[in-house]
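What follows is the residue order along each chain.
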Amino acid sequence: MDARQLEYFVTIVDEGGFHRAAERLHVAQPSLSQAVRTLERDVGVALFHRLGRRAVLTEAGRAMLEPARQVLRDLDTTRAAVESVKGLRTGRVQVAVLPSQSVEPLTAMIGRFHEADPGVLVSVQPAFTAPEAADMVRGGRSELGLIGAAEDFALPGLRAHLVERQRFVVVTGPDGPWEPDRKVLGRTDLAGQRVITSPHGNRMRHVVDEIIALGVDLRIVVETAHREAILPLVLSGAGVTLLTEGWAEFARASGARVFDLEPAAELRISLIHRSAPLSPAAQRFLDSALRR
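Reading guide: rules and limits
Residues numbered from 1 in each chain as written. Predicted model: local features only at pLDDT ≥ 70, side-chain atom pairs only at ≥ 80, totals over all residues. Heavy atoms only, no water. Helix = DSSP H or I, 4+ residues; strand = E, 2+ residues; numbered from the N terminus. Buried < 20%, exposed > 50% of the residue type's maximum accessible area, 1.4 Å probe, protein only. Contact = heavy atoms within 4.5 Å. Areas by Shrake-Rupley, 256 points an atom, 1.4 Å probe, with all protein chains shown as cover. Lys, Arg positive; Asp, Glu negative; His and termini not counted. Charge placed at Lys NZ, Arg CZ, Asp CG, Glu CD. Patch = residues over 30% accessible without salt bridge, like charges linked within 9 Å, V, L, I, M, F, W, Y side chains within 5 Å. Salt bridge = Lys/Arg side-chain N within 4 Å of Asp/Glu carboxyl O. Axes fitted to C-alpha atoms, helices over the stretch in contact; angles between N-to-C directions. Parallel < 35°, antiparallel > 145°, perpendicular 65-115°, else oblique. Left-handed = near helix turned anticlockwise from the far one by under 90°. Nonpolar A, V, L, I, M, F, W, Y, C, P; charged D, E, K, R; others polar. Expected span 1.5 Å × (residues − 1). Pairing = 2+ DSSP bridges.

> Which parts of the structure should I look at to understand the overall build of the chain?
The number of helices and strands found in the chain is 10 helices and 12 strands. Its C-alpha atoms give the chain principal-axis dimensions of about 70 × 45 × 35 Å. Relative to its full complement of 292 residues, the chain shows a buried share of 47%. In the chain, of all internal contacts separated by at least 6 residues, the share reaching a separation of at least 24 is 73%. Approximately 14,300 Å² of the chain is accessible, and the part contributed by carbon and sulfur atoms is 53%. Both charge centroids of the chain, one from 36 positive and one from 36 negative side chains, sit 4 Å from each other.

> Looking at this model, I keep getting lost on a nonpolar patch on the surface. Mind explaining?
Where nonpolar side chains cluster on the molecular surface, the patch consists of Met1, Val43 and Val45 and spans about 250 Å² of accessible area. Looking at where Val43 falls in the secondary structure, it is placed in helix H3 (residues 29–43). In this structure Val43 comes out as partly exposed when scored by relative accessible area, which is 32%.

> Is there a simple way to explain the environment of Val258 in this structure?
Note on placement: Val258 falls in strand E11 (residues 257–262). Spatially, the C-alpha atoms of Val258 and Thr107 are 21 Å apart, while their sequence positions differ by 151 residues. If we ignore the near neighbours within four places in the chain, the residues touching Val258 are Val169, Val170, Val171, Ala248, Ala251 and Arg252.

> Any chance you could explain helix H7 (residues 203–213) here in plain terms?
In an α-helix, one turn spans 3.6 residues; hence positions three or four apart end up facing the same way. By the burial criterion, the buried members of H7 are Arg203, Met204, Arg205, Val207, Val208 and Ile211. Count one or two residues on from H7 and you reach Gly215, which has phi positive near 95°.

> I keep staring at the packing of helix H1 (residues 3–15) against helix H2 (residues 18–25) and nothing clicks. Help me out?
In contact at an axis separation of 8 Å, H1 and H2 are set at 120° when each is read in the N-to-C sense. Looking at the two axes, H1 sits oblique to H2. Handedness of the H1/H2 crossing: right-handed. Between H1 and H2, the residues in contact are Glu7, Tyr8, Thr11, Ile12, Asp14 and Glu15 and Phe18, Arg20, Ala21, Arg24 and Leu25, respectively. Counted by class, the contact of H1 with H2 contains 5 nonpolar, 1 polar and 5 charged residues.

> How should H3 be read in this particular structure?
With 15 residues, H3 should reach 21 Å at 1.5 Å per residue; the first-to-last C-alpha distance of 21 Å fits that figure. Downstream of H3 by one or two residues, Gly44 has phi in the positive range, about 80°.

> Looking at this model, I keep getting lost on the packing of helix H5 (residues 106–116) against helix H10 (residues 280–290). Mind explaining?
Packed helices, taken two at a time, are described by their axes: the angle between them and the distance between them. Across the interface, H5 lies against H10 with an axial gap of 9 Å and an inter-helix angle of 115°. Pair H5 / H10 crosses with right-handed handedness. Here Met109, Ile110, Arg112 and Phe113 of H5 lie close against H10, whose contacting residues are Ala281, Arg284, Phe285, Ser288 and Ala289. Its residues placed into classes, the contact of H5 with H10 shows 6 nonpolar, 1 polar and 2 charged.

> Honestly, unusual backbone geometry in this entry has me stumped. Any pointers?
Both trends apply: most residues other than glycine have a negative phi, and most peptide bonds are in trans. The residue after Glu262, namely Pro263, is reached through a cis peptide bond having omega -10°. Structurally, Pro263 is set in the loop between E11 and strand E12 (266–274). Here His26, not a glycine, exhibits a phi torsion of approximately 60°, which is positive. Secondary-structure assignment places His26 in the loop between H2 and H3. Residue class for His26 comes out exposed when judged on its relative accessible area of 72%.

> How do you make sense of the pairing of E11 when you look at a structure like this?
Consecutive side chains of a regular strand alternate in pointing toward one face of the sheet and then the other. Pairing geometry for strand E6 (residues 158–172) and E11, over 4 bridges, is antiparallel. Looking at E11, one finds that Thr172 is bridged to Arg257.

Rendered as structure tokens:
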């Protein structure tokens, strides 16, 4: 068993089959298949059910997946430690990020980090809910996660570092329903409005549901997990929305109007990671984010 075989095994799982894994790894599919069959002979059990081009993990394969990911992480950490001794600042950081944090604070984090570590590649992995991001980090698909929640919540096997708190704001198109010089809206001001929001499982939707529970007669007209789609919909007049204040500057620059919401609702944004030591590059990313 060697690191190359484990890399092939993990990539097949992540890509969902041998053909796509071979393309990602830039190797011939017969060579990939042979390496995995050698690995299966080494461990004495089949790791995949082969269903055409699909590869489904056997029970043994599922048991092996996380240890294999950990071996590859440890190998990356060892290589990075050797490179840092040589005076090089290279590596790769993977961050699972919710769409609500994809503008801020992520862009500022990456900007500060690249000023100090321009040779490190930051790979952003999309996650649409905090539990999904936590599962990606816990399962080794991403070393770090950037999540948002109303308050601290249980993260078994993970450590969390609070990065910042962001209030929710109401965003409308340039011809929105409220006076241009108004700064603050109450929750009841949303009565009669068409609202664009996220699916259940995100803090934005939780706040909208809280407002509905107060008896405010608003109507959800669009439900999307893709925050990049929300602002164009607002600007086209499809409805109003709630976004975290990290989006406020971007929204105003796009021509939207932004109002504070009272009583305030906020999102607690944290970086999460496994309890095991981070790779040098990921540790530097975390340290840079927490120095803000």
